[in-house]
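Residue strings, one per chain:
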Amino acid sequence: MEKFAMEFLLSERLALLLFPQLCHHLLSCLCSTIIFTADAEYPLHKAAREGRADVLTALLRTGEYDVNRGSFDLIRPLHEACLHGHLESVQTLLSFGAQINIRNIDGATPLCDACANGNVEIVKLLLARGAIINPPLLLSSPLHEAVLSDKWQVVDLLLAHGATPNTSDCHYGTPLHIAATRGHYECARLLLRAGADVNKSRIHSTALHDAARCHDEEMLLLLLEHGADVYARDNNSRTARDLLPGVGEGIHGARDLLSKWESSPKCLRHYCRMTVKQALGYKGLCHVEELNLPRSLKDYLQFIPEKAVLKEHIDQPPF
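Residues numbered from 1 in each chain as written. Predicted model: local features only at pLDDT ≥ 70, side-chain atom pairs only at ≥ 80, totals over all residues. Heavy atoms only, no water.

- Under the annotation held in an unreviewed UniProt entry, the protein chain carries the name SOCS box domain-containing protein and is attributed to Batillaria attramentaria.
- The Sequence similarities (unreviewed entry) field of the UniProt record for the protein chain holds the comment "Belongs to the ankyrin SOCS box (ASB) family." (UniProt positions renumbered as here; feature names shortened; annotations may be inferred.)

Set out below in C-alpha cells:
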C-alpha cells in the first residue's frame, strides 16, 4: 500500500484534486508505516526521543547497538535527546561514547538541537564536553537556533562562551535579522550588546528593514539606538519607513518614530554613546560598571534601558 500511495500521489496532480479524501487517507497510512518502521529499526532513537535513559542504558549494555548510528537523515540518538530536552538521556548517551559534534543530513550538531529546545543545562553540558560553538559550514548555527526559538537564556550563554553574533546563514541572515523579524526583543538586545553589526545586510535588507515590515516599534527603537542606519535602502531602494504596511497595530507609532529619526539631527549624547561602544567593544562595555558614574548613566552607556521609561524614549528620541 505504501508504494501504491507514493506512486498515486506523485504521478498525477489531478488525483489530488479529484480524490482529496482518498489521497489524504493513503498518505496517512504511508506516514504511519514509516514512523512505525523507524521506531522499530532505531530503538535508540525512540528511547532518546522519549527520554528513556533506563532503556538506553539497557540497550547499549547489550553491545548490539551503535550509539552513533544515524537514521535515514543521519539523525543520531544524541540529536533526539538534545532536541527534546532530555538531560539524563544526553548524559547516558555521552557516557556510552556518543560523538558530541556529529552532524545530521542538514549539518546540524547536537548543540544546535539543544539550543533549539532551550534546555540550558544540556547546553552547558555539551559545551563542557567540547561541543563546537561556532561549527563551520552549517546551514544554521547554534546561536541561530536559540534566537529562532526565542531562548534568550541560551543566547546569553552562547555569547558568553564566544559565539559569533555576525555569522550569516543562507536562509535568515544573521541572528539579529531573525530577532528583528520574529520580534524577539531580549535576544536582539543581547546580540547588540555582544557586538552584532546592526547594519549588516541580507540581500540588502538590514535588521531595521525586517523590524519595519513587522511594524515593531520597540524593536525599531532598540536598533536605532544601537546605530541602525535609518536611511539604508534595500535592493528595491526602499528605506525602513517605506516598508511599513499600510494598516495594522502600531503602524502610526512606528511611522512617527522612523520619521523623527530621519528628519531630526541626533544629539551629542547619542553620538557619545556610539563612540564609547565602538571604542570599548563588547568585552570593554562591562568595565563601565567600574566607573564612578551615576547608575542611570552607566545603564545608558551599556544600552540598558529601563522598561519604565521606554515609552518616554519612544516619544522623545535623543535629538
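From this point, the narrative continues.
## Describing the UniProt feature "repeat: ANK" (unreviewed entry) in the protein chain
Here comes step 1: Here, UniProt's "repeat: ANK" (unreviewed entry) annotation points to residues 39-63, 73-105, 106-134, 138-170, 171-203 and 203-235.
Here comes step 2: Annotation note: span residues 106-134, helix share 59%, strand share 0%, distance between end C-alpha atoms 16 Å.
Here comes step 3: Measuring from the first to the last C-alpha atom of residues 171-203 gives 11 Å, for a span that is 52% helix and 0% strand. (Helix = DSSP H or I, 4+ residues; strand = E, 2+ residues; numbered from the N terminus.)

## What to know about the environment of D54
Here comes step 1: Turning to its location among the elements, D54 is positioned in helix α5 (residues 53-61).
Here comes step 2: Distance from D54 to E88, taken between C-alpha atoms, is 9.3 Å for residues 34 residues apart in sequence.

## Some points on the pattern of salt bridges
Here comes step 1: A complete count under the given rule lists twelve salt bridges for this structure.
Here comes step 2: R189 serves as the salt-bridge partner of E186, at 2.5 Å between the closest nitrogen and oxygen. Taken together, the positions of E186 and R189, both in helix α13 (residues 185-193) and three residues apart, correspond to about one turn of that helix.
Here comes step 3: A relative accessible area of 15% means that R189 is categorised as buried.
Here comes step 4: Two residues, D210 and R213, come together in a salt bridge whose shortest N-O distance is 2.9 Å. Of the two residues, D210 and R213 are both situated in helix α14 (residues 207-213); the distance of three residues between them amounts to about one turn of the helix.
Here comes step 5: The structure contains a network of salt bridges with shared partners spanning R202, D210 and R213. (Salt bridge = Lys/Arg side-chain N within 4 Å of Asp/Glu carboxyl O. Buried < 20%, exposed > 50% of the residue type's maximum accessible area, 1.4 Å probe, protein only.)

## Focus: the side chain of D113
Here comes step 1: Of note, D113 is situated in helix α8 (residues 110-117).
Here comes step 2: Buried and unpaired, D113 has R76 as its nearest opposite-charge partner, separated by 9.8 Å.
Here comes step 3: Not counting residues within four places of it along the chain, the set of residues in contact with D113 comprises H79, C82 and L83. (Lys, Arg positive; Asp, Glu negative; His and termini not counted. Contact = heavy atoms within 4.5 Å.)

## Things to note about the environment of D234
Here comes step 1: Tracing the sequence through the fold places D234 in the loop between α15 (217-225) and α16 (251-263).
Here comes step 2: Separated by 31 residues in sequence, D234 and I203 have C-alpha atoms that sit 7.4 Å apart.
Here comes step 3: Filtering out sequence-adjacent residues up to four positions away, D234 remains in contact with H204, S205, H209, R213 and L243.

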